[in-house]
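Single-letter residue listing:
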Amino acid sequence: ISTRASNILSSLGISSDGELNGVYDGHWHGSGEVIVSTCPTTGEELARIRTASKTELREALERTREAYTIFRNVPAPKRGEIVRRIREALAAKREDLGALVTLEMGKILTEGVGEVQEFVDICDYAVGLSRMMNGRVVASERPEHSILEVPNPLGVVAVLSAFNFPVAVYGWNLALSMAAGNATIWKPSPTTPLCSIAVTKIVSSVLEANGVPGAVASLVTGGKDTGEALVNDPSVELVSFTGSERVGRAVGQAVMSRFGKTILELGGNNASIIMPDADLSLAVPAVGFGAIGTAGQRCTSTRRLYLHRSIAPEFLERLQKLYQSIKPGDPLEQKTLLGPLHTRAACETYSGAIEHLKKVGSEILVGGKRFSDAPFGAGNFVEPAISVPKSVDVSDSIWTTEVFAPILNVGIFDELDQAIEWNNSVPQGLSSSLWTRDIRNVGKWIGPSGSDTGIVNVNVGTSGAEIGAAFGGNKSTGWGRESGGDAWKQYVRWSACTLNFSNQAPLAQGVNFSA
Ligand code: UN1
């Protein structure tokens, strides 16, 4: 591999010769199928990883459960202290790990580093949480009785994460899961195994140095079979899945059929609405970041833009200028704003979507081609595109399907109500954003007749949420919340404990059962 790739890997203690172990459950091993990590920028092979065999997966699950039975008895603030040390270890490697995200996933460096920062932030949050995961005391109707609502550790949490956030989404889950006293087993995307190995090396070194079983944070790299085995295993209490609607539906059904719990973070199809009174000097770059940032590969990326008729021509002119100024580049270079798509297949999806748009009469204002002048011929570079479909037909697949690439569809409206209806007309419900300075619009937007997404922003783009609020969506985006807010409550089992400290044993509701 290239020197710069091997430098990034070696700074994280990963050797680039031979095959790497892709399983950790207290020690490193791997004897399953070999997967290849490929650099989306250059097409070079970065490493070969031996994934988990069937037996190794079963053993890793057993070790993870054992680790849970130990870790659940560690007092929560002490668990928080371990999370704090993980935070320190991650922060010390912020730049190197961020560069690895860029190398393996393809997002630009500031976003790769930002993703590690997101993990650091959620650790801080979880440290605080470890002293605040409070239950409640409920007033009992019976004399000298008390009812406690008690949160206890839940068990084994499986995290199935996607390629687009190969570090942060695991971080959201691990930090809360650890604070809550669980053991976590991680199956990362098969195309970003190096990020998961690097993170697990950092996390496990802290666990091992502090006498915590390593299998509190296990790793099993692998493909579909590994994911399915985790999803179907009755010893996994909670499955936190990020990925496509199609797979998410199967995961949800499988876990539900065994009465397990799920957090599903599936597709987004996020819209920005621009009102006539919006500050365009803020809105134009925000839409640009939402649609072009991460090469359109965030669940929260802006895919639909609804412009008020009165500002539409000016907005589009300014937005096109911005698009034209964005050049593809090596995502590891500081000044690059546009990196490659993650895979070759994503380029095909992009081209297919553009062809379809043209076929049905959309006007492509800018972009639409693979980059011929990209810095690396073998990289997956595409031009971010703005398309104006003939009309906003809310049942048309142009508007209802999430295409995981930088394509922005534009519609023109006259009334806010119309734009809100369009915003809500898609199956997905992750993020949305309104640009206005009129408080009446804001009130409507965040109220009962407003946006139906899990993230509802005002004068803030659709992507780039902070960790403090609960992250997640509604409708076909799935359900459950990750990160901040009340998300931690899904990572514990709740018991209502009625305590009787009287000399009687009265029944509730005054029921009399004496003969
Ligand atoms: C995702 O795209 O799956 O809000 C996660 C954001 C990031 C996380 C996105 N903080 O865009």
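Residues numbered from 1 in each chain as written. Predicted model: local features only at pLDDT ≥ 70, side-chain atom pairs only at ≥ 80, totals over all residues.

The chain is annotated in an unreviewed UniProt entry as aldehyde dehydrogenase (NAD(+)) from Leucocoprinus leucothites. Looking at the chain in UniProt, the text filed under Subunit (unreviewed entry) is "Homotetramer." (UniProt positions renumbered as here; feature names shortened; annotations may be inferred.)

When the UniProt feature table is mapped onto this chain numbering, "domain: Aldehyde dehydrogenase" (unreviewed entry) sits at residues 33–494. Helix makes up 40% of residues 33–494 and strand 21%. Its end C-alpha atoms lie 39 Å apart. (Helix = DSSP H or I, 4+ residues; strand = E, 2+ residues; numbered from the N terminus.)

We now examine helix 8 (residues 224–232). Within the span of helix 8, buried status applies to Thr226, Gly227, Leu230 and Val231. Projected down its long axis, helix 8 carries its buried residues within an arc of 135°, all on one side. (Buried ≥ 20, exposed ≤ 12 C-beta atoms within 10 Å, placed from the backbone. Arc of directions from axis to C-beta.)

Turning our attention to the site of the ligand. Taken together, Glu118, Asn164, Phe165, Val169, Thr242, Arg298, Cys299, Thr300, Ser463, Gly464 and Ala465 make up the full set of residues near the ligand. Partitioned by chemical class, the residues of the shell around the ligand number four nonpolar, five polar and two charged. (Near = placed C-beta within 6 Å. Nonpolar A, V, L, I, M, F, W, Y, C, P; charged D, E, K, R; others polar.)

Spatially, three strands are ordered 1-5-4 in an open sheet, and the strand pairing comes out mixed. In the strand order of this sheet, the two ends are held by strand 1 (19–21) and strand 4 (34–38), each with one partner. Neighbour-to-neighbour, the strand axes of this sheet turn through a mean angle of 35°, independent of strand direction. (Pairing = 2+ DSSP bridges. Axes fitted to C-alpha atoms, helices over the stretch in contact; angles between N-to-C directions.)

Of all hydrophobic cores here, the largest spans 93 residues; its most connected members are Cys123, Ala126, Val167, Ala175 and Val239. No other element matches helix 5 (residues 109–129), which puts ten residues into this core. (Core = buried A, V, L, I, M, F, W, Y, C linked by C-beta atoms within 7 Å.)

Another aspect to go through is the sheet that holds strand 13 (residues 270–274). Here we have seven strands laid out as an open sheet, ordered 15-16-17-14-13-19-20, and mixed in their pairing. The open sheet has two edge strands, strand 15 (363–366) and strand 20 (455–458), and neither has a second partner. The mean inter-strand angle of the sheet, taken between neighbouring strand axes irrespective of direction, is 25°. Across four bridges, strand 13 lies against strand 19 (residues 431–435) in parallel orientation. Within strand 19, the residue paired with isoleucine 274 across the bridge is tryptophan 435. On top of the sheet, helix 10 (residues 280–292) reaches strand 13, strand 14 (302–308), strand 17 (407–413) and strand 19; it is set at about 155° to strand 14, its chief contact. The sheet strands contacting helix 15 (residues 439–446) are strand 19 and strand 20, and the helix crosses strand 20 at an angle near 180°. (Contact = placed C-beta atoms within 7 Å.)

Let's shift gears to the packing of helix 4 (residues 94–105) against helix 5. The contact between helix 4 and helix 5 brings their axes to 7 Å, and the two run at 125°. Judged by the angle between their axes, helix 4 and helix 5 are oblique. Like other packed secondary-structure pairs, helix 4 and helix 5 cross with a definite hand, here right-handed. Of helix 5, the residues touching helix 4 (which contributes Arg94, Glu95, Leu97, Gly98, Ala99, Val101 and Thr102) are Leu109, Gly112, Val113, Glu115, Val116 and Gln117. (Parallel < 35°, antiparallel > 145°, perpendicular 65-115°, else oblique. Left-handed = near helix turned anticlockwise from the far one by under 90°.)

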